[in-house]
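In case you want the letters, here they are:
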Amino acid sequence: MTAPAADRADVLLVGNPNSGKSLLFSRLTGIAQKVANYPGVTTEVRSGHAGRLVIHDYPGIYSLEPLTLDERVAIERLEKALADPGTKAIVCVLDATRLERSLYLLLELLPRARAVHVPVIAAVNVIDELVGPSARLDLLGLSSSVGCHFIGVSAKTGQGLDQLRATLHHLDREPPWDERCVVPASIEERKRLGRRLTRAHGPRGDVLLRSQERLDRVFLSTALGLPVFLVVMAVLFQAIFTWAAPLMDLVKTGVAATGALVGGILPPGLAHDFVQDAVFAGIGAFLTFVPQIFILFLVIGALEDSGYLARAAVLLHRPLGWFGLSGRSFLPLLSGHACAIPAMMAARTIESPRRRLITVMVIPLTSCSARLPIYALLIGGFVPAVSLVKGLIGLQGVVFAGVYVFGIINALLAAAVLDRLTRRRIQGRLGDAPFVVELPPYRVPGVKPIVVAAASRSWSFVRRAAPVIFGVVVVVWALGYFPHGSGHLEQSWLAALGHLLEPVFRPMGADWKSAVGIVSSFVAREVFVGTMGTLNGLADAGEHLTQLSGALQLGGMGLASALALLVFYATSLQCASTLAVMRKETGSARAPLFAFLSMSTFAYVGAVVTFQLARALGAT
Amino acid sequence: MRNLAQLPPGARARIDGFGTELRPEVGRRLRELGFVDGNVVRCVRRAPFGGPRVYAVSGAAFALEMNIAAHVLLGPADGDDGARG
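Residues numbered from 1 in each chain as written. Chains lettered and ligands numbered in written order. Predicted model: local features only at pLDDT ≥ 70, side-chain atom pairs only at ≥ 80, totals over all residues.

Enquirer: So what exactly am I meant to see when it comes to the overall build of chain A here?
Expert: In terms of regular secondary structure, chain A is built from 24 helices and nine strands. With 620 residues in all, chain A has 51% of them scored as buried. Intrachain contacts of chain A at a sequence separation of at least 6 include 72% that bridge at least 24 residues. (Helix = DSSP H or I, 4+ residues; strand = E, 2+ residues; numbered from the N terminus. Buried ≥ 20, exposed ≤ 12 C-beta atoms within 10 Å, placed from the backbone. Contact = placed C-beta atoms within 7 Å.)

Now the structure itself:
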């Protein structure tokens, strides 16, 4: 919004959560944006161009009276925009399959928009699902009854979009309002009007509601609900660990080939060493697990769009409540397995401020994908590759799954403790909103929107994390390179630092190299593998985990030390970006400080106990 | 007086006000979603573990925590006038 008010033509896109608004926005502007079928996923206002119009996508709201934090943010910004002279029109997105309910927001919005002479267009979405004899939608009737444009669209198929665009472009700022259409002031009257309009002009019956109830008989049933949920989660984790592998290999090979190419051009010396060991080795190790994040976003996107995530929230609301969490904590905790940053932002939809705070603080305990290369290194290199149950299950796989379960249990226990701690301090539940979740109809998700959204989410993650990781890698490399240059690591500043810190980490079985690795990874834990590679003279450790673990074993590291490191990394909060975002999301430095100190302490104590216990049990 | 939490799955009833302990803004939101006086609400099903229940009202389905549903008061059971969903 930089142009002067007179030339500007802002269009505000508003609608209920789940109305398909974000997908419509992508369709109109062509900007890749998160499109999801989970109420309240869009927590930011996104803007994009459609010709000379600037379209602003507002988070989904049920009314102009906020109840939760994300609603309050959305409504405040919407009201500001409404008062802005640059605002040309409002597009209110309605769901044709749930017309009666979606009309309420339109009826609330209309008088406010009319007061400032901003025209409203009602875009009735999902018309592609209106099929069969009951599928009536009298747009003209609705237009004349309500006194604003009604346009039938389908964000999925693109139907009606040209008409919407044309209407927007030819709209006058002050259209001749039909003054006969008076919108009543009370909620009851508006609801009644919505019902009358739906009966007169909308689809008959509730075919979709009935079919959704049939599916809910499975997904929300006492007997099948939990098994189905566990299968869905199993598929999700299978996807992250198995399906991502070919993509990860591709990235590895690509980075290695580029590194070799660039390394071959540069003459030997400082620049060559820097590019080869710091830039390609460091960033390469990080880029390798981006495909995993992408796949996780992809699967979560499919779950959101299908309508299943809302069911999972309902299914888990009570069990999560035992730990002071909400059903809405499920999506953030699940996302935490990819990256804590988007996960903490997803927690904004949690209805209770206290439960939201607890959720945000325990998210870093779930095993994010930055921990994955460390797990792969330690488990692949130190846990014996024996098979159990007649060769069906490998011990390494069991340990791998165990670390993830360990993270989830830690998060739940921490939540229960925080629940106790905050119950007394944050008085009562006065600020809490109720747990009311709309169950959207089940839909077959569109492939393209999910892929585009996953790509855009992955990209914003890379953009946020890469500079930090690069910075740390450069510092660690420089400390290890100077003062004597390549090949004199033992005499480097880094080695001096490691020897200084060794006594602290000795009780958990770490030598000076591991000590350096741990310290260097306090800013970003994914640095550990790269640092260990540098310390052991392997340029591209991310690509040769087996070689690195071999080098570590030669250096005297054993199973006990590896298990201790595993516990340490599963528990500690080593991520500067997470701390920064936690500060922003909770509005104070206290939460990240507390989380950092307590998690570091638990990580250290846990690692020491693990090492001593493993040694006592006979591990080397 | 009966409340929504007592409505068994499959049964319908007409909404007849809210309990006085319910915070006004929460009552307002419930009304905005369709839980208004005179509307017919149907209990669709209960979630496992004694969790939220699913209610159909105004042609849409909502899961409500039991401690909220207990504040929604119901009139006597009756026919299905306006009982869309």
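Enquirer: What's the story with the interface of chain A and chain B in this structure? I'm lost.
Expert: In this assembly, 32 residues from chain A lie in contact with 31 residues from chain B. Those elements that provide at least two residues to the side of chain A that touches chain B are α3 (99-115), α6 (187-201), α7 (207-219), α8 (225-265), α11 (308-321) and β9 (436-438) of chain A. If you tally residues by element for the side of chain A that touches chain B, the top one is α11(A), at five residues. A per-class count over the side of chain A that touches chain B returns 16 nonpolar, five polar and eleven charged. Direction of pairing for β9(A) relative to strand β4 (residues 60-64) of chain B: antiparallel, over a ladder of three bridges. Bridge pairing in β4(B) places V436(A) opposite L64(B). (Nonpolar A, V, L, I, M, F, W, Y, C, P; charged D, E, K, R; others polar. Pairing = 2+ DSSP bridges.)

Enquirer: What should I look at first to understand the sheet that holds strand β2 (residues 46-50) of chain A in this one?
Expert: Each strand in a sheet pairs with its neighbour through backbone hydrogen bonds, running either in the same direction (parallel) or in the opposite one (antiparallel). Residue and element names in this part refer to chain A. Spatially, the six strands line up as an open sheet ordered β2-β3-β1-β4-β5-β6, and their pairing is mixed. In this open sheet, the two strands that pair with only one neighbour each are β2 and β6 (149-152). Each strand of the sheet is rotated relative to its neighbour by a mean of 25 degrees, with strand direction disregarded. Bridge analysis of strand β5 (residues 120-125) against β6 gives four bridges, and the strand direction is parallel. Across the sheet, V124 pairs through a bridge with G152, a residue of β6. Contacting β1 (10-15), β3 (53-57) and β4 (87-95), helix α2 (residues 69-83) runs over the sheet at an angle of about 145 degrees to β1. This element, α3, spans β1, β4 and β5 of the sheet and lies at about 165 degrees to β4. (Axes fitted to C-alpha atoms, helices over the stretch in contact; angles between N-to-C directions.)

Enquirer: Sorry, what's going on with helix α24 (residues 590-616) of chain A here?
Expert: Because an α-helix completes one turn every 3.6 residues, residues spaced three or four positions apart along the sequence face the same direction. All names here are of chain A. In this model α24 runs 38 Å from its N-terminal to its C-terminal C-alpha over 27 residues, within 8% of the 39 Å that 1.5 Å per residue would give. Inspection of α24 places P592, A595, M599, A603, Y604, G606, A607, T610, F611 and A614 among the buried residues, and these make up the whole buried set. Contact partners of the buried residues in α24: α14 (353-362), α22 (559-571) and α23 (576-586). Following α24 by one or two positions, G618 has its phi on the positive side, about 105 degrees. (Expected span 1.5 Å × (residues − 1).)

Enquirer: Sorry, what's going on with unusual backbone geometry here?
Expert: It is generally the case that most residues other than glycine have a negative phi and that most peptide bonds are trans. Here the amide bond leading from F482(A) into P483(A) is cis, since omega sits at 0 degrees, within 30 degrees of zero. Within the fold, P483(A) resides in the loop between α17 (447-481) and α18 (493-505). The phi dihedral of V126(A) is positive, around 60 degrees, even though this residue is not glycine. Tracing the backbone through its elements, the reader meets V126(A) in the loop between β5 and α4 (139-146). With 26 C-beta atoms packed within 10 Å, V126(A) lands in the buried category. Even without a glycine there, the phi angle at S58(B) is positive, about 55 degrees. By secondary structure assignment, the location of S58(B) is in the loop between β3 (53-57) and β4.

Enquirer: Please explain the sheet that holds strand β5 (residues 72-74) of chain B as it appears in this structure.
Expert: What the six strands build is an open sheet, ordered β9(A)-β4(B)-β3(B)-β2(B)-β1(B)-β5(B); its pairing is antiparallel. The open sheet has two edge strands with one neighbour each: β9 of chain A together with β5 of chain B. Strand-to-strand twist across the sheet, computed as the mean angle between neighbouring axes with direction ignored, equals 45 degrees. Here β3(B) runs beside β4(B); their pairing, made up of five bridges, is antiparallel. Paired with A56(B) across the two strands is A61(B), which belongs to β4(B).

Enquirer: Is there a simple way to think about the nonpolar core in this case?
Expert: What tends to happen in soluble globular proteins is that the nonpolar side chains get buried as a cluster. Grouped together as the largest cluster of nonpolar side chains are 198 residues, with contacts concentrated most on L13(A), C92(A), L94(A), A122(A), A123(A) and F62(B). The element that contributes the greatest number of residues to this core is helix α10 (residues 290-306) of chain A, accounting for eleven residues. (Core = buried A, V, L, I, M, F, W, Y, C linked by C-beta atoms within 7 Å.)

Enquirer: Is there a simple way to explain the confidence of the model for chain B in this structure?
Expert: As a note on interpretation, predicted positions should not be read in detail where pLDDT is low. All names here are of chain B. Looking at chain B as a whole, its pLDDT mean stands at 86, while 89% of the residues score no less than 70. Model confidence for chain B, summarised as mean pLDDT per element, is weakest for helix α2 (residues 66-69) at 89 and strongest for β5 at 94. In this model residues 79-85 is a low-confidence stretch, pLDDT under 50, and it forms 15 contacts with partners more than four residues away in sequence or in other chains. Our summary of model confidence lists the complex with pTM equal to 0.81 and ipTM equal to 0.89. (pLDDT = per-residue confidence, 0-100.)

Enquirer: Help me understand the environment of V262(A), please; the structure alone is not making it clear to me.
Expert: Within the fold, V262(A) resides in helix α8. For V262(A) and V605(A), which are 343 residues apart along the polypeptide, the C-alpha to C-alpha distance reads 44 Å.

Enquirer: Looking at this structure, I do not really get the packing of α18(A) against helix α19 (residues 512-520) of chain A. What am I missing?
Expert: For any two helices packed against each other, one specifies the crossing angle of their axes together with the interaxial distance. All names here are of chain A. Direction vectors running N to C along α18 and α19 enclose 95 degrees, while the axes themselves pass 7 Å from each other. The angle between α18 and α19 falls in the class roughly perpendicular. Residues L494, A495, L497, G498, H499, L501, E502 and F505 of α18 touch α19, and the partners they reach there are W512, K513, S514, A515, V516, I518 and V519. Tallied by class, the residues present in the contact of α18 with α19 amount to ten nonpolar, three polar and two charged. (Parallel < 35°, antiparallel > 145°, perpendicular 65-115°, else oblique.)

Enquirer: What am I meant to see in the pairing of strand β2 (residues 40-46) of chain B here?
Expert: Every other side chain in a regular strand lies on the same face of the sheet, so the side chains alternate between the two faces. Residue and element names in this part refer to chain B. The element β2 is extensively covered by neighbouring structure, given that five of its seven residues are classed as buried. As defined by bridge partners, strand β1 (residues 12-18) adjoins β2 across three bridges and the pair is classed as antiparallel. Counterpart to R14 in the pairing with β2 is V40. Here β2 runs beside β3; their pairing, made up of four bridges, is antiparallel. The residue bridging C43 from the neighbouring strand is Y55, located in β3. The hairpin turn running from β2 into β3, its antiparallel successor, is six residues long, and F49 in that turn takes a positive phi close to 60 degrees.

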